[in-house]
Every structure is written in C-alpha cells, then in structure tokens.
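# Reading the structure
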Protein chains: 2
Amino acid sequence: MSIQIRKFDSSHPDFPKQLSEVLAFEASEDEAIDRSAMQILEHIKREGDKAVLEYTKRFDHVEADSMAALEISQAELQAALDQLTPERRAALQVAADRVRIYHERQKNEIGSNGFTYTEADGTILGQKVTPLDRVGLYVPGGKAAYPSSVLMNAIPAKVAGVPEVIMVVPTPNGVKNELVLAAAAMSGVDRVFTIGGAQAVGALAYGTATIPQVDKIVGPGNAYVAAAKRRVFGTVGIDMIAGPSEILVICDGTTNPDWIAMDLFSQAEHDELAQSILICPDEAYLDKVAESVNRQLADMPRKDVITTSLTNRGALIKVRDMDEACEIANFIAAEHLEISAENPQQLADKIRHAGAMFLGRFSSESLGDYCAGPNHVLPTSRTARFSSPLGVYDFQKRSSILQVSEGGAQTLGKVAAELAYGEGLQAHARSAEYRLK
Amino acid sequence: MSIQIRKFDSSHPDFPKQLSEVLAFEASEDEAIDRSAMQILEHIKREGDKAVLEYTKRFDHVEADSMAALEISQAELQAALDQLTPERRAALQVAADRVRIYHERQKNEIGSNGFTYTEADGTILGQKVTPLDRVGLYVPGGKAAYPSSVLMNAIPAKVAGVPEVIMVVPTPNGVKNELVLAAAAMSGVDRVFTIGGAQAVGALAYGTATIPQVDKIVGPGNAYVAAAKRRVFGTVGIDMIAGPSEILVICDGTTNPDWIAMDLFSQAEHDELAQSILICPDEAYLDKVAESVNRQLADMPRKDVITTSLTNRGALIKVRDMDEACEIANFIAAEHLEISAENPQQLADKIRHAGAMFLGRFSSESLGDYCAGPNHVLPTSRTARFSSPLGVYDFQKRSSILQVSEGGAQTLGKVAAELAYGEGLQAHARSAEYRLK
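Since this is a predicted model, take the numbers as computed values, not measurements.

Before going further, it helps to spend a moment on the UniProt feature "active site" (unreviewed entry) in chain A. All names here are of chain A. Within the UniProt annotation, "active site" (unreviewed entry) is assigned to E335 and H336. Relative accessible area serves as the criterion here: at 5%, E335 is assigned to the buried category. When sequence neighbours within four positions are dropped, the list of residues in contact with E335 reads P244, S245, E246, G355, A356, H376, L378, P379 and T380. One polar contact links E335 to S245, side chain to side chain, over a distance of 2.9 Å. Of note, H336 is situated in strand β13 (residues 336–340).

Structural data, given as structure tokens:
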C-alpha cells in the first residue's frame, strides 16, 4: 500500500487553478435528504412526543412507552463518570478544567458585562449582554461519537451562564457510549435524551410535552441533522454547519518529518473527505515527509481512511519562501493551521484567516483537539474568512440600551425628524417631534 | 376609517394561546422564489458579468454594455452628498457621527484586540481578532430604500476595520436615490454598483470579472434577495434574514397617550406585516391610547398601511402589573422594546430578551432608528432570544492561538493521547506522543 499525495509548485502558472481545485468542496445538499428532514420536522411539530417515539423506534430500533423512558438521569450520567478508569477520568478532568479556564478567560475579554456611557445632556447609551436561556446540544451516536465534543460544546455554554443545557444523543439499538455520558456529567449538562436525527432537532426547536424548546442548537451531526438544522434556523439559533475537517501545515523544513507526517494523518484519519495540506519552501523536506507518510502508514489502524483522504484531498506544496506560505494560508483560511517553524510568532502575525493557529513544533493539532483549552469546534471550508471558533459569545446575545434624556430628545428629535421626512416616514418624524418642547 | 386593535387580558385563561397566535409569523419560504433565486445564482456563478448584465436589463430595465458602466464613481457619490440641502446634510452628518461613536465604543468593549495568556510552563494560549477583508452591502431600491440603513450597515464595518465595503443597490428604470448615494459617501463605502436582486447577491458571493468576491453580505432585501442569501450562506457569511419590524411598548400609564399611539404608528407605517403591541396594567390607559390611535390616524399619509398593520397584527394587553409586563416582554423578545415608565431602569433589569430597549418616555424608537447611535438592524420574530443587534462583532472574526511549550507538550501530550485512544483515533494519539521526550 502506498500513497501518492499530489505535489504542487507555487511558481507553476497553473498553481492558482490547481489549488482552487484541490480546495473545492461543495457541501452536497441532497434534495431527498432535505425533503425527508422537512417531513420529519413537520411531523414533530404537529405530533410532538408521539412522533419522536415513532422515529426513534424506526431509525434507532429503540422502543419506549414514553419520552420519559428516553431520558437519562443525572445518576446514570454520574455512574458513567464513576466507572471510568482513573487514567481516563483524570485525563477527561484535565481537559474539562483547561477548556473551562480558557473560556472563562474569553468571557472576561469579550465585554460580557456590556457597557453604558452617559452623554453631556444625560442621555445614556449602551449594550446589555445576557446568556441564552436554554441550549440544545446534539451529539452524534455511532462512529463519530466524541466525548471531547461534549466538553467543547457544553462548557462554553455553561461558562456563558446558560441555565439549561439539554443534550440529545441517539443510541442505535440501545447502545450507549459511556464516555459520552461521562463527559456530559463532567461538563454540567442538565438533561440528556437518547434521541437523534432530524427528529431530535425538531423536538429541541419546537419543544414537545417532554422536551423543552431551546433557543439555540449546537453540535455536529449527519446530513439529516444538518438539513434539519438549516430548516429550523430562525426558529432557533444554530452553529455553523461544519464541512470536512482540515489541517494546513506551513513548515520551514526544520521539524522532524515523522512528526509532520503524523500530524497530516491525524486529520486524514477523521474522514475520507478530510483535508491535509503541507506547504514548505524546501522541496527535499516535502520528499522526506512523503517518504515518512508511506513508511508510517502500515502502522495506522485507520490506514484505509487515511489513504483515501490523502490521495484524494491531500497536497504537498513547494513555495518560494515562508512569506508566500503565509499568503497561501490566508487564501486557504484553514480550520487548523500549524506553523511549524523557528519563529512562529513572526509568521502568525501575517495570518489573517484561520480557525486556530498552532505555533511551533510542539503544538500539534491533537493537543488542541482534546485539552489545550481553546475550542475544537472551528470554521471549515474557508469560512474562517468570516467566522470564528465556537465560544462563549455563541451563548450570549446583546441588547442595545437607549435612555434619551429630555435634553437629548431635543437635539436628536430634530435630526430624526429631518431624516424621517427624507425617507417618507411621517409617523417616525411625528413621534420624534412629540418629544420636542 | 377606524381601527379596532384587538385587546387581551393576561388574566384570561386563553391568553397564552391568544398571544402565541398574534405573534405567529411564518416567514413564507416560497418554493418558486427559492427555485428562481437558485437558478439566478447558478447562472451568475457560470457566466459572471454577462449574466448580471442580462438580469439587470430584464428586471431593472437598465441596459449597459459592461459592468463598469454600472459602477457609480466616488465623484458621483460625493456630488450626491454635496447636493443635499444644508439641513439634511447636517442631520445625516449628526447621525453618521453618533453611529460611529457608539460603534467605536462597542469595538473597544468587545475585546477587539484579542488576548493571550502564558502558563507556568511557557505555553501561550489566546485569541486573535481580525476584521473581514471585504464586505458586501445590499441596499434595496424602490420604496424600502433607506439611507439610514446605509449608515447602520456600512459604519460598523468600517469601524471594525474592513478595508473594502462594496455596496449594491438596484436602480429600477435607472432611477437613483440620491439620499442613499449621499449616505454611501458619508459612511465611507468603497465601491457602489447599481445592481440588485438575487443576481447582485450571486455576484458578491462568487465574484465576477468586475465585482470582487466578498466574505460576508449584509443588508435587507426582498424575498428573492433573502432566498439568495440563504443559498450562498457558507460560501460567504450573511446577517440574519429579517422578518417584519416590531415594537413592544410596556407603559405604566403615565406617558401622554398621543405619544404612545404615535410610537405604535411609527412601527405600523413600515409595512402591513409590522407589529405594534402595547402592554399596560391600566385598562383605562389602554382605552385612551385606542382613542388616540383613531383620532390621529386621519392625519397620517401612510394611514392605509397603519390600519392594516394595527388591525391584523396589533394588540393592546392589560396585565396585572409591570412585573408581569416584563415577563411577557421576555416571552415576546421584541425587536424594539419601549419601557415608557417612571423608573425604567428597574424594569430594564428584568428584561433578558430584546433587540433594543428604549428607556423612559423621551426615548422614542424613531430616535434610535435614525441617530441615537446604536444600530437599527435588530433581531426580529423572537430571535432576540439568541441573536444580537448588528455590530462591530459581525465584521470581525476570531482565531484561536495555541503555542505549546516543550514542557507543556509533556503534560498535554499524555492527556490528549489517553483521550484519543478512547475515541479510537490513533494518529491523534501518536502525534501527541511524538512530542513527549
């Protein structure tokens, strides 16, 4: 078994086209899936718990008399935590603590107390910041069930001050993932229901007799879940619809090639559509990494996924220098950007677009995935150009505050009336003028 | 002509149902419009400028040889500003200045410089904040062309540091709105194209030979524009899809009823679907406002729109006391909440969900619409439960920073490996273990 990762040279005239092609990823919006999700949502909206029970029986082969039977008690969550090996429990605790500390820091830094200021005439302007009342957390069942995702979604919500986090996780054939339940206990999830799919999204978005309506739904899911989230957006908030995971490594050629090869693997093993790209000015180094990839592959339990991912979506890119590497990194706007180089901060200063930047050769992406502290839910598919890691700010919202004094109303009233007449909105003008002396 | 606004009493057993019914607004997602928007987008993606020119000819009856002919020069924008009457120009300047000052304050308060902190072992964690590179601003042509919206969308983008703001505004039959162009000049818009509809959204989202691809599209539009924005979401960022505008007034019965009636009108005159609701513990006061509504209606140039809006979607609600008024206000989560009462701050402290709060009897919504400073783009249709006014934060994004020291990699590597093995991701584990000594 051997992998041929495609190689590009940025000096080649076709390079911009080649790069665009390798990055191209069109989220398949399957019409059949979309229609099916819509029908499920309508059914849930109409029939509530009854419909949820039906779909859970049909899709997950779990039969229950009532929704109450599908709720996992806090005692059961705690038991899952207590049954972990000491090593695993300690690791989960370190991860949870570090994620909490980072997000508490973030909360303090983003003006979570809001602000007000008072003008000379006594007018007060400002902004109030409040947490959401209730958040739904979708956790996939089956192969993509990651306890780390529970921590990364639930802890920022709790740090933001969300009083109630409701988790849903399907348990196909009744099989529960104990590590996921342990993570829910550790991160303070308030209630857990063993439901999934578009039906769980609908239950959270509309509420049922048993499941309370939430204000926002976060967390990853399959194509039905994604389609359902798109559909309920507006009724509730949603996080980004994530594409395949990506890593971009820009390396000056001084890091052990085996380390970089393994970093590329760590992304590629997620998913056949995952993308791993390495950029380096040193062509000989790219060859060393390619050699290491092939040497290390055999040892990897997930070598089939890795092979498909690296063959179809991987790339090794030779560039002129590290400055050009940064330019290309800004174009790619990767979810994960490793800057594996001698003076990583200098290069990081040149990066405008990335979900997370991993600076220096010791900052492997995997440390960030689990326990460094920053969130591992990051913008994919070039959306880092306009969006941010999941954070405390996703569980808060702002309200503007305007307390216009009688004096302020004299100045502002004339301005507002002038502009309102200009827009043909006479009641607006009159409403302002009534406050004039 | 007389208006019968429906009256509710919160003590009536049917009240929760009545309230839900009056609030119910299902954004009509017309399949035909959606399909048509999709076809236009595909055409723009495939044929670029040529397709934009075709649609502009077909829908706006504007014929041009080239896209360049549809660009408005900075000189023309400046000329529009120079031609305003001194009164209107001064009013626009006050509004622009106050919006800028408020959003500069906001920028300082929301951690726009990011943060980093260093742990004992030298590991650095943090977050970098950067403005978007390029933003598209959609401005409707025709009846809903509001220069104030140009200020409210463009100024926060510029305060955030967005280098390039590209405005699109259709000019049906070639008619330009000079006040809109003047507002563009005043708020520092970089380029303006006279195109609109789904074709303008497509041009901004995908880029054409003439129109540069943007990272986010903001601004209101008709159903085709909204459908197109939903479709391009992911390729670019979008702001919220706005529903009809709403005002909720909670009043203790001490404000001049004519003022409150006019405040209700100022919302109702926007649109037949707009919603105006008044809540008060004093039934006699509600009657006085109802009387004032009917007395003042005849004077209103937009009385037909007002009548339809208040009849179909307005409500007067008698409550037990102002505390209950606040509870209901939290349920409604109104776009605009006026707290017209003696001690408005005490009541505001009880409000968790509102787009903007207008405190005290001098704070009419119209002052906020034009010139108080806070943004007038606000969450509608109960989305204030989970979303915020448009702000500087909508034109910034964050990147996580992780610089793990060699010492940090020893601690974190073991934790990450333990959890990665738990999730069956061996390359993740190996990648962390390589950094162990």
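With 123 residues of chain B in contact, the opposing surface of chain A contributes 123 residues. Summing both sides of the interface, chain B and chain A together bury roughly 11000 Å²; the carbon and sulfur share of this comes to 56%. Counting every contact that joins chain B to chain A gives twelve salt bridges. Two residues, A:R98 and B:E119, come together in a salt bridge whose shortest N-O distance is 2.7 Å.

Examined against the element boundaries, B:D82 turns out to sit in helix α4 (residues 74–82). Taking the C-alpha atoms as reference, B:D82 lies 9.8 Å from B:A185; in sequence the two are 103 residues apart.

All names here are of chain A. Taken in spatial order, the six strands of this open sheet run β2-β7-β6-β5-β8-β9, and their pairing is mixed. The sheet terminates laterally at β2 (71–72) and β9 (237–238), the two strands that pair on one side only. Here two bridges tie β2 to strand β7 (residues 191–193), and the two strands are oriented antiparallel to one another. Bridging across to β7, E71 finds its partner in F193.

By the definition in use, this model includes 54 salt bridges over all chains. Between B:D82 and B:R89 there is a salt bridge, with its nearest N and O atoms 3.0 Å apart. One continuous salt-bridge network, built from bridges that share partners, spans A:E47, A:K50 and A:E54.

In the structure shown here, the tally under the stated rule is twelve aromatic pairs over all chains. Summarising the aromatic geometry, the rings of A:F8 and A:F15 are spaced 6.3 Å apart at their centres and angled 65° between planes, so their arrangement reads as edge-to-face. A:F8 gets classed as buried once you look at its relative accessible area, which sits at 11%. Summarising the aromatic geometry, the rings of A:Y102 and B:F115 are spaced 5.7 Å apart at their centres and angled 45° between planes, so their arrangement reads as tilted. Taken together, the residues A:Y102 in helix α5 (residues 86–109) and B:F115 in strand β3 (residues 115–118) connect one chain to another. Each member of the pair, A:Y102 as well as B:F115, is classed as buried. Feature note: the residues A:Y102, B:F115 and B:Y117 constitute an aromatic cluster, connected by ring pairs.

Let us look at the relation of the copies chain B and chain A. At an RMSD of 0.0 Å, chain B and chain A line up after a rotation of 180° and a shift of 0.0 Å along the axis. Such a turn and shift between the copies fits a two-fold axis. Across chain B, the rotation axis passes nearest the C-alpha of B:I110, at a separation of 2.2 Å. Most of the interface of chain B is mirrored in chain A: 100% of its interface residues are interface residues there too.

This part takes up the UniProt feature "binding site: substrate" (unreviewed entry) in chain A. All names here are of chain A. UniProt records the feature "binding site: substrate" (unreviewed entry) at S245, Q267, H270, H336, D369, E423 and H428, using the numbering of this structure. Taken along the chain, the residues just named run across 184 residues; in space they spread out, the farthest C-alpha pair reaching 55.9 Å. Relative to the assigned elements, Q267 resides in helix α10 (residues 257–268). Setting aside chain neighbours within four positions, we find Q267 in contact with S245, E246, I247, A274, Q275, S276, H336 and E365. If you trace the backbone, H270 turns up in the loop between α10 and β11 (275–280).

The strand order across the open sheet formed by nine strands is β3(A)-β4(A)-β15(A)-β14(B)-β13(B)-β10(B)-β11(B)-β12(B)-β1(B), and the pairing between neighbours is mixed. Sheet topology places β3 (115–118) of chain A together with β1 (6–9) of chain B at the edges, where each strand pairs with a single neighbour. When the angles between neighbouring strand axes are averaged without regard to direction, this sheet yields 20°. Note that β3(A) and strand β4 (residues 124–131) of chain A share four bridges and pair antiparallel. Pairing of A:Y117 across the sheet is with A:L125, part of β4(A). Packed onto the sheet, helix α13 (residues 322–332) of chain B meets β10 (246–251), β11 (275–280) and β13 (336–340) of chain B and runs at close to 165° relative to β10(B).

Conventions we followed
Residues numbered from 1 in each chain as written. Chains lettered and ligands numbered in written order. Predicted model: local features only at pLDDT ≥ 70, side-chain atom pairs only at ≥ 80, totals over all residues. Heavy atoms only, no water. UniProt positions renumbered as here; feature names shortened; annotations may be inferred. Buried < 20%, exposed > 50% of the residue type's maximum accessible area, 1.4 Å probe, protein only. Contact = heavy atoms within 4.5 Å. Polar contact = N/O pair within 3.5 Å; in protein donor to acceptor, adjacent residues only side chain to side chain. Helix = DSSP H or I, 4+ residues; strand = E, 2+ residues; numbered from the N terminus. Buried area = accessible area lost by both parts, 1.4 Å probe. Salt bridge = Lys/Arg side-chain N within 4 Å of Asp/Glu carboxyl O. Pairing = 2+ DSSP bridges. Phe/Tyr/Trp six-rings, centres within 6.5 Å; stacked < 30°, edge-to-face > 60°. Least-squares fit on C-alpha atoms with pLDDT ≥ 70 in both. Axes fitted to C-alpha atoms, helices over the stretch in contact; angles between N-to-C directions.

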